[in-house]
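# Architecture at a glance
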Amino acid sequence: MASTVQVATRPLRAWQRRALTKYLAAKPKDFLAVATPGAGKTTFGLRVAAELLADRTIEAVTIVTPTEHLKHQWAKAAAEAGIAIDSNFRNTNAVTSRDYHGVAVTYAQVAAHPALHRVRTENRKTLVLLDEIHHGGDAKSWGDAIREAFTPAVRRLCLTGTPFRSDDSQIPFVTYEPDAGGFMKSKADHSYGYSDALRDGVVRPVLFMAYSGEASWRTSAGEEFSARLGEPLTQEQTARAWRTALDPAGDWMASVLRAADQRLTLKRQDGIPDAGGLIIATDQETAKAYAAVLKRVTGHDATVVLSDDPKASGRIAEFAATTERWMIAVRMVSEGVDVPRLAVGVYATSSSTPLFFAQAIGRFVRARRPGETASVFLPSVPVLLQLAAELEQQRDHVLGKPHREKEGWDDDLLADANQTKDEPGEDEKAFTSLGASAELDQVIYDGSSFGTAAFAGSEEEQEYLGLPGLLAPDQVRQLLRQRQEEQLSKPRAESKSPLAPQQARPQSVQERLAALRKELNSLVAMHHHRTKKPHGKIHNQLREYCGGPPTAMASIEQLEERIATLRSW
(Lines give C-alpha, C1' and ligand atoms only; values in the text may rest on other atoms or scores of the structure.)
Protein backbone atom coordinates (compact mmCIF):
# COMPACT_ATOMS: atom_id res chain seq x y z
CA MET A 1 0.00 0.00 0.00
CA ALA A 2 1.37 3.42 -0.95
CA SER A 3 2.24 5.62 1.96
CA THR A 4 0.04 8.56 2.95
CA VAL A 5 1.00 11.75 1.15
CA GLN A 6 1.92 14.79 3.20
CA VAL A 7 0.95 18.00 1.40
CA ALA A 8 4.13 19.70 0.20
CA THR A 9 5.19 22.89 1.92
CA ARG A 10 7.14 24.10 -1.13
CA PRO A 11 6.02 27.70 -1.76
CA LEU A 12 3.76 28.22 -4.75
CA ARG A 13 3.88 31.08 -7.20
CA ALA A 14 1.05 33.59 -7.05
CA TRP A 15 -0.80 32.16 -10.06
CA GLN A 16 -0.49 28.63 -8.66
CA ARG A 17 -1.95 29.75 -5.32
CA ARG A 18 -4.87 31.47 -7.06
CA ALA A 19 -5.57 28.43 -9.24
CA LEU A 20 -5.30 26.03 -6.29
CA THR A 21 -7.68 28.14 -4.17
CA LYS A 22 -10.17 28.21 -7.05
CA TYR A 23 -9.86 24.44 -7.53
CA LEU A 24 -10.24 23.48 -3.87
CA ALA A 25 -13.21 25.82 -3.43
CA ALA A 26 -15.10 24.59 -6.50
CA LYS A 27 -14.20 20.87 -6.18
CA PRO A 28 -14.86 20.32 -9.89
CA LYS A 29 -14.81 16.98 -11.65
CA ASP A 30 -13.09 18.64 -14.64
CA PHE A 31 -10.70 21.60 -14.49
CA LEU A 32 -8.65 23.15 -17.33
CA ALA A 33 -5.58 25.16 -16.32
CA VAL A 34 -3.85 27.02 -19.15
CA ALA A 35 -0.41 28.35 -18.23
CA THR A 36 2.39 29.49 -20.51
CA PRO A 37 5.32 27.08 -20.94
CA GLY A 38 7.79 27.53 -18.12
CA ALA A 39 5.21 28.85 -15.63
CA GLY A 40 5.05 25.70 -13.51
CA LYS A 41 2.07 23.58 -14.61
CA THR A 42 3.72 20.43 -13.27
CA THR A 43 4.13 21.90 -9.76
CA PHE A 44 0.48 23.02 -9.77
CA GLY A 45 -0.81 19.64 -10.95
CA LEU A 46 1.20 17.71 -8.35
CA ARG A 47 0.05 20.03 -5.58
CA VAL A 48 -3.56 19.33 -6.53
CA ALA A 49 -2.81 15.60 -6.51
CA ALA A 50 -1.16 15.84 -3.07
CA GLU A 51 -4.14 17.71 -1.61
CA LEU A 52 -6.65 15.18 -2.98
CA LEU A 53 -4.58 12.20 -1.81
CA ALA A 54 -4.16 13.73 1.64
CA ASP A 55 -7.89 14.28 2.21
CA ARG A 56 -8.71 10.89 0.61
CA THR A 57 -10.81 12.38 -2.18
CA ILE A 58 -8.77 10.08 -4.40
CA GLU A 59 -6.81 6.87 -3.91
CA ALA A 60 -4.68 6.88 -7.08
CA VAL A 61 -3.21 9.17 -9.72
CA THR A 62 -2.86 8.54 -13.44
CA ILE A 63 -0.66 10.99 -15.36
CA VAL A 64 -1.03 11.06 -19.16
CA THR A 65 1.68 12.72 -21.28
CA PRO A 66 2.42 13.17 -25.01
CA THR A 67 5.85 11.43 -24.94
CA GLU A 68 7.80 8.71 -23.19
CA HIS A 69 10.36 11.25 -21.99
CA LEU A 70 7.71 13.32 -20.23
CA LYS A 71 6.44 10.29 -18.30
CA HIS A 72 9.79 9.97 -16.57
CA GLN A 73 10.07 13.74 -16.10
CA TRP A 74 6.69 13.81 -14.32
CA ALA A 75 7.61 10.82 -12.16
CA LYS A 76 10.83 12.51 -11.04
CA ALA A 77 8.98 15.72 -10.14
CA ALA A 78 6.29 13.73 -8.33
CA ALA A 79 8.90 11.91 -6.25
CA GLU A 80 10.27 15.28 -5.11
CA ALA A 81 6.71 16.18 -4.03
CA GLY A 82 6.34 12.92 -2.06
CA ILE A 83 4.16 11.14 -4.66
CA ALA A 84 5.44 7.80 -5.99
CA ILE A 85 4.62 7.36 -9.70
CA ASP A 86 5.49 4.32 -11.81
CA SER A 87 6.62 5.67 -15.18
CA ASN A 88 7.63 2.20 -16.42
CA PHE A 89 4.06 0.87 -16.36
CA ARG A 90 3.28 -1.18 -19.50
CA ASN A 91 -0.01 -2.34 -21.00
CA THR A 92 1.40 -5.85 -21.43
CA ASN A 93 1.98 -6.23 -17.70
CA ALA A 94 -0.90 -4.08 -16.47
CA VAL A 95 0.14 -4.25 -12.80
CA THR A 96 2.34 -2.15 -10.59
CA SER A 97 3.62 -2.25 -7.04
CA ARG A 98 1.24 -1.16 -4.27
CA ASP A 99 4.03 1.13 -3.08
CA TYR A 100 3.16 3.51 -5.94
CA HIS A 101 0.46 6.16 -5.72
CA GLY A 102 -0.16 5.84 -9.45
CA VAL A 103 1.28 5.53 -12.94
CA ALA A 104 2.41 7.73 -15.81
CA VAL A 105 1.40 6.68 -19.33
CA THR A 106 1.32 8.24 -22.81
CA TYR A 107 -1.74 9.13 -24.89
CA ALA A 108 -0.65 6.47 -27.40
CA GLN A 109 -0.41 3.91 -24.61
CA VAL A 110 -3.99 4.63 -23.54
CA ALA A 111 -5.20 4.50 -27.17
CA ALA A 112 -3.61 1.07 -27.58
CA HIS A 113 -5.79 -0.45 -24.80
CA PRO A 114 -8.44 1.96 -23.46
CA ALA A 115 -10.46 -0.82 -21.79
CA LEU A 116 -7.50 -1.76 -19.60
CA HIS A 117 -7.09 1.81 -18.39
CA ARG A 118 -10.83 2.13 -17.82
CA VAL A 119 -10.77 -0.90 -15.50
CA ARG A 120 -7.83 0.60 -13.58
CA THR A 121 -9.74 3.90 -13.28
CA GLU A 122 -12.90 2.15 -12.05
CA ASN A 123 -11.09 0.01 -9.47
CA ARG A 124 -9.78 2.94 -7.41
CA LYS A 125 -10.93 6.52 -6.93
CA THR A 126 -8.61 8.16 -9.44
CA LEU A 127 -7.38 11.63 -10.35
CA VAL A 128 -6.36 11.75 -14.01
CA LEU A 129 -3.77 14.44 -14.81
CA LEU A 130 -3.88 15.07 -18.58
CA ASP A 131 -0.70 16.92 -19.52
CA GLU A 132 -0.85 18.99 -22.73
CA ILE A 133 -4.48 17.97 -23.13
CA HIS A 134 -4.69 19.40 -26.67
CA HIS A 135 -3.05 16.13 -27.76
CA GLY A 136 -6.33 14.46 -26.91
CA GLY A 137 -7.58 15.78 -30.23
CA ASP A 138 -4.59 14.64 -32.29
CA ALA A 139 -6.51 11.70 -33.71
CA LYS A 140 -10.09 10.53 -33.35
CA SER A 141 -8.83 7.28 -31.85
CA TRP A 142 -6.88 9.15 -29.19
CA GLY A 143 -9.84 11.32 -28.22
CA ASP A 144 -12.22 8.34 -28.13
CA ALA A 145 -9.70 6.31 -26.12
CA ILE A 146 -9.16 8.81 -23.32
CA ARG A 147 -12.93 9.37 -23.09
CA GLU A 148 -13.48 5.63 -22.70
CA ALA A 149 -10.59 5.16 -20.28
CA PHE A 150 -11.11 8.14 -18.00
CA THR A 151 -14.83 8.92 -17.97
CA PRO A 152 -15.15 6.97 -14.65
CA ALA A 153 -12.45 9.12 -12.98
CA VAL A 154 -13.40 10.89 -9.77
CA ARG A 155 -11.42 13.98 -10.87
CA ARG A 156 -9.76 15.08 -14.12
CA LEU A 157 -7.23 17.91 -14.22
CA CYS A 158 -6.34 19.10 -17.74
CA LEU A 159 -3.13 21.09 -18.20
CA THR A 160 -1.76 22.86 -21.27
CA GLY A 161 0.38 25.78 -22.33
CA THR A 162 -1.30 25.93 -25.75
CA PRO A 163 -5.00 25.02 -25.76
CA PHE A 164 -5.46 26.09 -29.40
CA ARG A 165 -5.27 23.67 -32.31
CA SER A 166 -5.16 24.11 -36.10
CA ASP A 167 -8.11 21.81 -36.72
CA ASP A 168 -11.64 21.10 -35.54
CA SER A 169 -10.91 18.03 -33.40
CA GLN A 170 -12.67 18.77 -30.12
CA ILE A 171 -10.46 18.26 -27.07
CA PRO A 172 -11.96 15.75 -24.58
CA PHE A 173 -12.98 16.94 -21.08
CA VAL A 174 -12.69 20.61 -22.18
CA THR A 175 -15.69 22.96 -22.05
CA TYR A 176 -16.62 24.87 -25.22
CA GLU A 177 -18.83 27.96 -25.28
CA PRO A 178 -20.05 30.08 -28.21
CA ASP A 179 -17.99 33.21 -28.88
CA ALA A 180 -19.23 36.53 -30.34
CA GLY A 181 -19.09 35.07 -33.85
CA GLY A 182 -21.11 32.01 -32.92
CA PHE A 183 -18.12 29.61 -33.05
CA MET A 184 -17.45 27.22 -30.19
CA LYS A 185 -14.41 28.30 -28.19
CA SER A 186 -12.53 26.43 -25.47
CA LYS A 187 -13.01 27.81 -21.95
CA ALA A 188 -10.24 27.60 -19.37
CA ASP A 189 -11.01 27.50 -15.66
CA HIS A 190 -7.75 29.33 -14.94
CA SER A 191 -5.40 31.07 -17.39
CA TYR A 192 -1.90 32.43 -16.94
CA GLY A 193 -0.45 33.79 -20.17
CA TYR A 194 3.07 34.68 -21.29
CA SER A 195 2.51 38.41 -20.77
CA ASP A 196 1.33 37.76 -17.19
CA ALA A 197 4.32 35.53 -16.50
CA LEU A 198 6.72 38.05 -18.04
CA ARG A 199 5.33 40.80 -15.81
CA ASP A 200 5.76 38.57 -12.74
CA GLY A 201 9.31 37.60 -13.69
CA VAL A 202 8.32 33.94 -14.04
CA VAL A 203 9.55 33.68 -17.65
CA ARG A 204 12.33 35.31 -19.65
CA PRO A 205 11.92 37.97 -22.31
CA VAL A 206 12.57 36.53 -25.80
CA LEU A 207 14.45 38.41 -28.52
CA PHE A 208 13.83 37.05 -32.01
CA MET A 209 16.80 37.55 -34.35
CA ALA A 210 15.21 37.34 -37.82
CA TYR A 211 17.60 36.61 -40.69
CA SER A 212 16.70 37.26 -44.32
CA GLY A 213 18.87 36.89 -47.41
CA GLU A 214 18.79 36.08 -51.09
CA ALA A 215 17.84 32.45 -51.86
CA SER A 216 18.29 30.77 -55.26
CA TRP A 217 16.99 27.44 -56.54
CA ARG A 218 16.54 25.45 -59.75
CA THR A 219 13.27 23.75 -60.64
CA SER A 220 13.03 20.21 -62.01
CA ALA A 221 12.47 21.84 -65.42
CA GLY A 222 15.87 23.54 -65.20
CA GLU A 223 14.61 27.08 -64.54
CA GLU A 224 16.50 29.14 -61.95
CA PHE A 225 14.77 31.50 -59.52
CA SER A 226 15.89 33.76 -56.71
CA ALA A 227 13.91 35.50 -53.99
CA ARG A 228 14.55 37.33 -50.77
CA LEU A 229 13.26 35.87 -47.52
CA GLY A 230 10.64 38.15 -46.04
CA GLU A 231 9.42 39.69 -49.29
CA PRO A 232 5.78 39.27 -50.34
CA LEU A 233 5.88 36.08 -52.43
CA THR A 234 3.55 33.27 -53.40
CA GLN A 235 3.26 30.39 -50.93
CA GLU A 236 5.30 28.17 -53.27
CA GLN A 237 8.08 30.76 -53.63
CA THR A 238 8.22 31.39 -49.90
CA ALA A 239 8.31 27.64 -49.16
CA ARG A 240 11.20 27.11 -51.58
CA ALA A 241 13.17 30.16 -50.44
CA TRP A 242 12.64 29.04 -46.85
CA ARG A 243 13.81 25.48 -47.46
CA THR A 244 16.76 26.76 -49.48
CA ALA A 245 17.84 28.87 -46.51
CA LEU A 246 17.56 25.85 -44.20
CA ASP A 247 19.67 23.67 -46.51
CA PRO A 248 22.68 22.53 -44.42
CA ALA A 249 24.88 22.72 -47.53
CA GLY A 250 24.23 26.46 -48.00
CA ASP A 251 25.78 29.60 -46.53
CA TRP A 252 22.60 30.81 -44.76
CA MET A 253 22.62 28.09 -42.08
CA ALA A 254 26.39 28.36 -41.59
CA SER A 255 26.11 32.13 -41.04
CA VAL A 256 23.14 31.85 -38.66
CA LEU A 257 24.73 29.03 -36.62
CA ARG A 258 27.93 31.07 -36.35
CA ALA A 259 25.94 34.11 -35.13
CA ALA A 260 23.90 32.02 -32.68
CA ASP A 261 27.09 30.52 -31.24
CA GLN A 262 28.52 34.02 -30.78
CA ARG A 263 25.37 34.99 -28.89
CA LEU A 264 25.67 31.87 -26.74
CA THR A 265 29.31 32.65 -25.94
CA LEU A 266 28.38 36.16 -24.84
CA LYS A 267 25.62 34.88 -22.58
CA ARG A 268 28.07 32.46 -20.96
CA GLN A 269 30.53 35.30 -20.40
CA ASP A 270 27.89 37.74 -19.20
CA GLY A 271 26.00 36.14 -16.33
CA ILE A 272 24.71 32.76 -17.57
CA PRO A 273 27.80 30.51 -17.42
CA ASP A 274 25.89 27.30 -18.19
CA ALA A 275 23.74 28.76 -21.00
CA GLY A 276 22.79 26.12 -23.57
CA GLY A 277 21.58 26.29 -27.14
CA LEU A 278 18.98 24.24 -29.03
CA ILE A 279 18.69 23.86 -32.81
CA ILE A 280 15.26 22.58 -33.90
CA ALA A 281 15.56 20.76 -37.24
CA THR A 282 12.93 19.58 -39.71
CA ASP A 283 14.03 15.93 -39.89
CA GLN A 284 16.63 13.53 -38.52
CA GLU A 285 18.90 13.59 -41.57
CA THR A 286 19.05 17.38 -41.48
CA ALA A 287 19.66 17.37 -37.72
CA LYS A 288 22.79 15.26 -38.24
CA ALA A 289 23.92 17.55 -41.07
CA TYR A 290 23.49 20.65 -38.86
CA ALA A 291 25.77 19.04 -36.26
CA ALA A 292 28.49 18.76 -38.91
CA VAL A 293 27.99 22.39 -39.99
CA LEU A 294 28.11 23.60 -36.38
CA LYS A 295 31.36 21.72 -35.80
CA ARG A 296 32.86 23.17 -39.00
CA VAL A 297 31.99 26.84 -38.37
CA THR A 298 32.35 27.01 -34.56
CA GLY A 299 34.52 24.05 -33.58
CA HIS A 300 31.87 22.87 -31.10
CA ASP A 301 30.19 19.46 -30.99
CA ALA A 302 26.46 19.06 -30.40
CA THR A 303 24.28 16.47 -28.68
CA VAL A 304 21.96 15.13 -31.39
CA VAL A 305 18.65 13.75 -30.08
CA LEU A 306 16.72 11.51 -32.48
CA SER A 307 13.22 10.24 -31.75
CA ASP A 308 14.01 6.66 -32.80
CA ASP A 309 16.95 6.48 -30.39
CA PRO A 310 15.92 4.42 -27.32
CA LYS A 311 18.40 6.45 -25.28
CA ALA A 312 16.91 9.81 -26.37
CA SER A 313 15.35 10.62 -22.97
CA GLY A 314 18.61 9.87 -21.23
CA ARG A 315 20.53 12.07 -23.66
CA ILE A 316 18.18 15.00 -22.99
CA ALA A 317 18.48 14.54 -19.21
CA GLU A 318 22.24 14.25 -19.51
CA PHE A 319 22.46 17.45 -21.56
CA ALA A 320 20.26 19.28 -19.03
CA ALA A 321 22.60 18.27 -16.19
CA THR A 322 25.84 19.31 -17.92
CA THR A 323 27.27 22.58 -19.28
CA GLU A 324 27.53 21.37 -22.90
CA ARG A 325 26.83 24.10 -25.42
CA TRP A 326 24.47 22.71 -28.07
CA MET A 327 21.69 20.20 -28.56
CA ILE A 328 20.03 19.46 -31.92
CA ALA A 329 16.66 17.73 -32.15
CA VAL A 330 13.57 17.42 -34.31
CA ARG A 331 10.27 17.32 -32.41
CA MET A 332 11.25 15.56 -29.19
CA VAL A 333 12.14 18.74 -27.36
CA SER A 334 9.46 20.97 -28.86
CA GLU A 335 7.08 20.36 -26.00
CA GLY A 336 7.28 19.90 -22.27
CA VAL A 337 10.96 18.97 -22.04
CA ASP A 338 12.53 20.77 -19.13
CA VAL A 339 16.06 22.10 -19.82
CA PRO A 340 16.00 25.42 -17.93
CA ARG A 341 19.48 26.49 -19.04
CA LEU A 342 18.45 26.75 -22.72
CA ALA A 343 18.97 30.43 -23.57
CA VAL A 344 19.68 30.47 -27.34
CA GLY A 345 17.62 28.78 -30.02
CA VAL A 346 17.79 28.32 -33.78
CA TYR A 347 14.37 27.70 -35.33
CA ALA A 348 15.64 25.75 -38.35
CA THR A 349 12.41 23.97 -39.24
CA SER A 350 9.65 24.49 -41.77
CA SER A 351 6.95 23.80 -39.15
CA SER A 352 4.94 26.97 -38.68
CA THR A 353 1.65 26.17 -36.97
CA PRO A 354 1.01 28.42 -33.95
CA LEU A 355 0.86 25.33 -31.74
CA PHE A 356 4.30 24.01 -32.73
CA PHE A 357 5.87 27.47 -32.68
CA ALA A 358 4.57 28.31 -29.20
CA GLN A 359 5.65 24.98 -27.78
CA ALA A 360 9.11 25.27 -29.37
CA ILE A 361 9.67 28.80 -28.06
CA GLY A 362 8.46 27.58 -24.67
CA ARG A 363 11.73 25.65 -24.34
CA PHE A 364 13.64 28.93 -23.91
CA VAL A 365 11.46 31.02 -21.62
CA ARG A 366 11.91 29.35 -18.23
CA ALA A 367 13.38 31.94 -15.84
CA ARG A 368 15.91 30.92 -13.19
CA ARG A 369 17.21 34.29 -11.98
CA PRO A 370 16.30 37.95 -12.61
CA GLY A 371 17.58 39.52 -15.82
CA GLU A 372 18.01 36.40 -17.95
CA THR A 373 16.89 36.79 -21.55
CA ALA A 374 16.50 34.29 -24.39
CA SER A 375 17.51 34.77 -28.03
CA VAL A 376 15.89 32.77 -30.84
CA PHE A 377 17.26 32.93 -34.40
CA LEU A 378 14.75 32.29 -37.17
CA PRO A 379 14.20 32.76 -40.93
CA SER A 380 12.63 36.11 -41.83
CA VAL A 381 9.46 34.71 -43.39
CA PRO A 382 6.09 36.43 -42.82
CA VAL A 383 4.33 33.60 -40.98
CA LEU A 384 7.15 33.23 -38.42
CA LEU A 385 7.56 37.00 -37.99
CA GLN A 386 3.84 37.26 -37.24
CA LEU A 387 3.98 34.43 -34.70
CA ALA A 388 7.03 36.02 -33.06
CA ALA A 389 5.27 39.40 -32.84
CA GLU A 390 2.16 37.77 -31.36
CA LEU A 391 3.95 35.68 -28.73
CA GLU A 392 2.14 37.42 -25.90
CA GLN A 393 -1.33 36.83 -27.32
CA GLN A 394 -3.54 34.40 -25.42
CA ARG A 395 -5.22 31.92 -27.74
CA ASP A 396 -8.02 29.43 -27.32
CA HIS A 397 -9.19 26.51 -29.42
CA VAL A 398 -11.94 27.64 -31.80
CA LEU A 399 -14.03 25.09 -33.68
CA GLY A 400 -14.78 26.26 -37.24
CA LYS A 401 -12.97 26.97 -40.48
CA PRO A 402 -12.83 30.79 -40.94
CA HIS A 403 -9.83 31.30 -38.63
CA ARG A 404 -7.65 28.74 -40.38
CA GLU A 405 -6.09 30.87 -43.12
CA LYS A 406 -4.09 32.99 -40.70
CA GLU A 407 -2.98 30.07 -38.57
CA GLY A 408 0.28 29.46 -40.44
CA TRP A 409 1.25 26.48 -42.55
CA ASP A 410 1.84 22.92 -41.58
CA ASP A 411 4.39 20.50 -42.96
CA ASP A 412 1.86 18.89 -45.32
CA LEU A 413 1.09 22.21 -47.01
CA LEU A 414 4.77 23.02 -47.38
CA ALA A 415 5.48 19.58 -48.78
CA ASP A 416 2.63 20.01 -51.24
CA ALA A 417 4.08 23.34 -52.38
CA ASN A 418 7.36 21.57 -53.07
CA GLN A 419 5.90 18.75 -55.17
CA THR A 420 5.68 18.68 -58.97
CA LYS A 421 2.10 18.93 -60.21
CA ASP A 422 2.60 17.58 -63.74
CA GLU A 423 3.44 14.04 -62.67
CA PRO A 424 1.05 13.09 -59.88
CA GLY A 425 2.09 10.17 -57.75
CA GLU A 426 5.82 10.75 -58.04
CA ASP A 427 7.62 11.81 -54.90
CA GLU A 428 10.15 13.79 -56.90
CA LYS A 429 11.72 16.86 -55.35
CA ALA A 430 10.41 19.83 -57.32
CA PHE A 431 13.50 22.00 -56.91
CA THR A 432 17.19 22.00 -56.05
CA SER A 433 18.69 24.53 -53.63
CA LEU A 434 21.49 26.60 -55.18
CA GLY A 435 22.36 28.66 -52.10
CA ALA A 436 21.29 31.53 -49.87
CA SER A 437 23.06 34.47 -48.30
CA ALA A 438 22.24 35.63 -44.77
CA GLU A 439 21.76 39.02 -43.15
CA LEU A 440 20.16 40.14 -39.92
CA ASP A 441 16.85 41.61 -41.07
CA GLN A 442 15.37 42.76 -37.76
CA VAL A 443 15.10 42.01 -34.05
CA ILE A 444 11.58 41.41 -32.73
CA TYR A 445 10.89 42.06 -29.09
CA ASP A 446 7.62 42.63 -27.25
CA GLY A 447 5.73 42.74 -30.56
CA SER A 448 7.93 45.52 -32.00
CA SER A 449 10.60 45.40 -34.71
CA PHE A 450 14.06 46.95 -34.31
CA GLY A 451 16.99 47.46 -36.66
CA THR A 452 17.47 47.42 -40.42
CA ALA A 453 19.30 45.02 -42.73
CA ALA A 454 22.80 44.15 -41.48
CA PHE A 455 25.08 41.76 -43.35
CA ALA A 456 26.30 38.63 -41.57
CA GLY A 457 29.70 39.42 -40.10
CA SER A 458 29.20 43.20 -40.22
CA GLU A 459 29.75 45.56 -37.29
CA GLU A 460 26.01 46.33 -37.26
CA GLU A 461 25.16 42.65 -36.78
CA GLN A 462 27.73 42.42 -33.98
CA GLU A 463 26.05 45.35 -32.20
CA TYR A 464 22.84 43.31 -31.88
CA LEU A 465 24.56 40.00 -31.15
CA GLY A 466 26.52 41.76 -28.41
CA LEU A 467 23.52 42.87 -26.33
CA PRO A 468 24.21 42.15 -22.63
CA GLY A 469 23.11 38.70 -21.49
CA LEU A 470 21.42 39.94 -18.31
CA LEU A 471 18.82 42.67 -18.82
CA ALA A 472 15.44 43.58 -17.34
CA PRO A 473 12.57 43.73 -19.87
CA ASP A 474 12.48 47.55 -19.95
CA GLN A 475 16.27 47.64 -20.38
CA VAL A 476 15.99 45.31 -23.41
CA ARG A 477 13.52 47.66 -25.09
CA GLN A 478 15.58 50.78 -24.29
CA LEU A 479 18.83 49.25 -25.57
CA LEU A 480 17.23 48.00 -28.79
CA ARG A 481 15.87 51.47 -29.50
CA GLN A 482 19.31 52.94 -28.88
CA ARG A 483 20.96 50.43 -31.25
CA GLN A 484 18.39 51.16 -33.92
CA GLU A 485 18.82 54.95 -33.67
CA GLU A 486 22.59 54.56 -33.98
CA GLN A 487 22.16 52.30 -37.01
CA LEU A 488 19.72 54.63 -38.78
CA SER A 489 21.91 57.66 -38.11
CA LYS A 490 24.92 56.14 -39.90
CA PRO A 491 25.50 56.98 -43.56
CA ARG A 492 24.41 54.03 -45.66
CA ALA A 493 27.94 53.73 -47.07
CA GLU A 494 29.08 52.42 -43.70
CA SER A 495 26.54 49.58 -43.86
CA LYS A 496 27.98 47.88 -46.93
CA SER A 497 28.90 44.23 -46.81
CA PRO A 498 32.34 43.57 -45.29
CA LEU A 499 32.91 41.33 -48.28
CA ALA A 500 32.36 44.10 -50.83
CA PRO A 501 35.39 44.88 -53.02
CA GLN A 502 37.44 47.89 -52.07
CA GLN A 503 37.70 49.18 -55.62
CA ALA A 504 34.70 49.87 -57.81
CA ARG A 505 34.26 47.60 -60.79
CA PRO A 506 31.45 47.11 -63.29
CA GLN A 507 28.59 45.14 -61.74
CA SER A 508 26.89 42.24 -63.45
CA VAL A 509 23.11 42.29 -63.86
CA GLN A 510 22.83 39.81 -61.01
CA GLU A 511 24.97 41.95 -58.69
CA ARG A 512 23.08 45.11 -59.64
CA LEU A 513 19.71 43.47 -58.97
CA ALA A 514 20.92 42.12 -55.61
CA ALA A 515 22.25 45.55 -54.56
CA LEU A 516 19.00 47.29 -55.51
CA ARG A 517 16.89 44.70 -53.68
CA LYS A 518 18.96 45.17 -50.55
CA GLU A 519 18.74 48.96 -50.80
CA LEU A 520 14.98 48.77 -51.30
CA ASN A 521 14.53 46.44 -48.34
CA SER A 522 16.66 48.68 -46.10
CA LEU A 523 14.48 51.65 -47.06
CA VAL A 524 11.33 49.59 -46.44
CA ALA A 525 12.66 48.69 -42.98
CA MET A 526 13.35 52.34 -42.20
CA HIS A 527 9.88 53.32 -43.44
CA HIS A 528 8.42 50.59 -41.22
CA HIS A 529 10.12 52.06 -38.15
CA ARG A 530 8.73 55.51 -38.96
CA THR A 531 5.18 54.45 -39.81
CA LYS A 532 4.82 51.08 -38.01
CA LYS A 533 3.34 49.65 -41.24
CA PRO A 534 4.26 45.98 -41.86
CA HIS A 535 7.06 45.38 -44.37
CA GLY A 536 4.74 43.42 -46.66
CA LYS A 537 2.18 46.22 -46.75
CA ILE A 538 4.84 48.77 -47.75
CA HIS A 539 6.05 46.50 -50.56
CA ASN A 540 2.46 46.03 -51.78
CA GLN A 541 1.78 49.79 -51.71
CA LEU A 542 4.91 50.37 -53.80
CA ARG A 543 3.76 47.78 -56.33
CA GLU A 544 0.31 49.38 -56.53
CA TYR A 545 1.84 52.83 -57.02
CA CYS A 546 4.65 51.90 -59.43
CA GLY A 547 3.27 48.74 -60.99
CA GLY A 548 5.26 45.62 -61.77
CA PRO A 549 5.84 42.18 -60.22
CA PRO A 550 7.10 41.27 -56.72
CA THR A 551 10.58 42.53 -55.82
CA ALA A 552 12.23 39.19 -56.53
CA MET A 553 11.08 39.38 -60.17
CA ALA A 554 11.33 43.14 -60.72
CA SER A 555 13.72 44.65 -63.26
CA ILE A 556 16.53 47.10 -62.49
CA GLU A 557 14.39 49.96 -63.77
CA GLN A 558 11.40 48.92 -61.67
CA LEU A 559 13.53 48.60 -58.53
CA GLU A 560 15.09 52.02 -59.09
CA GLU A 561 11.63 53.55 -59.52
CA ARG A 562 10.42 51.99 -56.25
CA ILE A 563 13.52 53.22 -54.40
CA ALA A 564 13.00 56.77 -55.73
CA THR A 565 9.30 56.62 -54.82
CA LEU A 566 9.95 55.40 -51.30
CA ARG A 567 12.57 58.12 -50.73
CA SER A 568 9.92 60.69 -51.65
CA TRP A 569 7.33 59.41 -49.17
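Residues numbered from 1 in each chain as written. Predicted model: local features only at pLDDT ≥ 70, side-chain atom pairs only at ≥ 80, totals over all residues. Heavy atoms only, no water.

## Observations regarding the confidence of the model for the protein chain
Of the residues in the protein chain, 83% have a pLDDT of 70 or more, and the chain-wide mean is 82. Predicted confidence for residues 401-428 stays below pLDDT 50, and this span has 53 contacts to residues more than four positions away or in other chains. (pLDDT = per-residue confidence, 0-100. Contact = heavy atoms within 4.5 Å.)

## Comments concerning the sheet that holds strand E5 (residues 126-131)
With parallel pairing, the seven strands of this open sheet are ordered in space as E3-E4-E2-E5-E6-E1-E9. Edge positions in the sheet fall to strand E3 (85-86) and strand E9 (190-192), since each has one partner strand and no second. Of the strand pairs in this sheet, E3 and strand E4 (residues 102-106) are connected by two bridges, and their pairing is parallel. Residue Asp86 lies in a different strand from E4, and its bridge partner there is Val103. Running at roughly 170° to strand E6 (residues 155-160), helix H2 (residues 41-54) makes contact with strand E1 (30-35), strand E2 (60-65), E5 and E6 of the sheet. (Pairing = 2+ DSSP bridges. Helix = DSSP H or I, 4+ residues; strand = E, 2+ residues; numbered from the N terminus. Axes fitted to C-alpha atoms, helices over the stretch in contact; angles between N-to-C directions.)

## Considering the environment of Thr121
Inspection of the secondary structure assignment puts Thr121 in helix H5 (residues 114-123). Taking the relative accessible area as the measure of exposure, Thr121 reaches 3% and is therefore buried. Thr121 sits 59 residues away from Thr62 along the chain, and the two C-alpha atoms are 8.3 Å apart. (Buried < 20%, exposed > 50% of the residue type's maximum accessible area, 1.4 Å probe, protein only.)

## Here we look at the pattern of salt bridges
Here the structure, examined in full by the defined rule, presents 17 salt bridges. Between Lys71 and Glu68 there is a salt bridge whose closest N-O contact spans 3.3 Å. In this pair, Lys71 and Glu68 both sit in helix H3 (residues 68-80), three residues apart, roughly one turn of the helix. Judged by relative accessible area, Lys71 falls into the buried class, the value being 0%. What makes Glu68 partly exposed here is its relative accessible area of 36%. With its nearest N and O atoms 2.6 Å apart, the salt bridge here joins Glu372 to Arg369. By relative accessible area, Glu372 is classed as buried at 3%. Accessibility expressed as a relative area gives 36% for Arg369, which makes it partly exposed. (Salt bridge = Lys/Arg side-chain N within 4 Å of Asp/Glu carboxyl O.)

## Details of the side chain of Glu461
Tracing the chain through its elements places Glu461 in helix H15 (residues 459-465). A distance of 2.6 Å separates the side chain of Glu461 from the side chain of Tyr211, its partner in a polar contact. Discounting residues that sit within four places of it in the chain, Glu461 has contacts with Tyr211, Ala259, Leu440, Ala454, Phe455 and Ala456. (Polar contact = N/O pair within 3.5 Å; in protein donor to acceptor, adjacent residues only side chain to side chain.)

## So, the packing of helix H1 (residues 14-26) against H2
Between H1 and H2, whose axes approach to 10 Å, the crossing angle comes to 35°. Taken as a pair, H1 and H2 cross one another with a handedness that is right-handed. Contacts between H1 and H2 involve Trp15, Gln16, Ala19, Leu20, Tyr23 and Leu24 from the former and Lys41, Thr43, Phe44, Arg47, Val48, Glu51 and Leu52 from the latter. Broken down by class, the residue content of the contact of H1 with H2 amounts to eight nonpolar, two polar and three charged. (Left-handed = near helix turned anticlockwise from the far one by under 90°. Nonpolar A, V, L, I, M, F, W, Y, C, P; charged D, E, K, R; others polar.)

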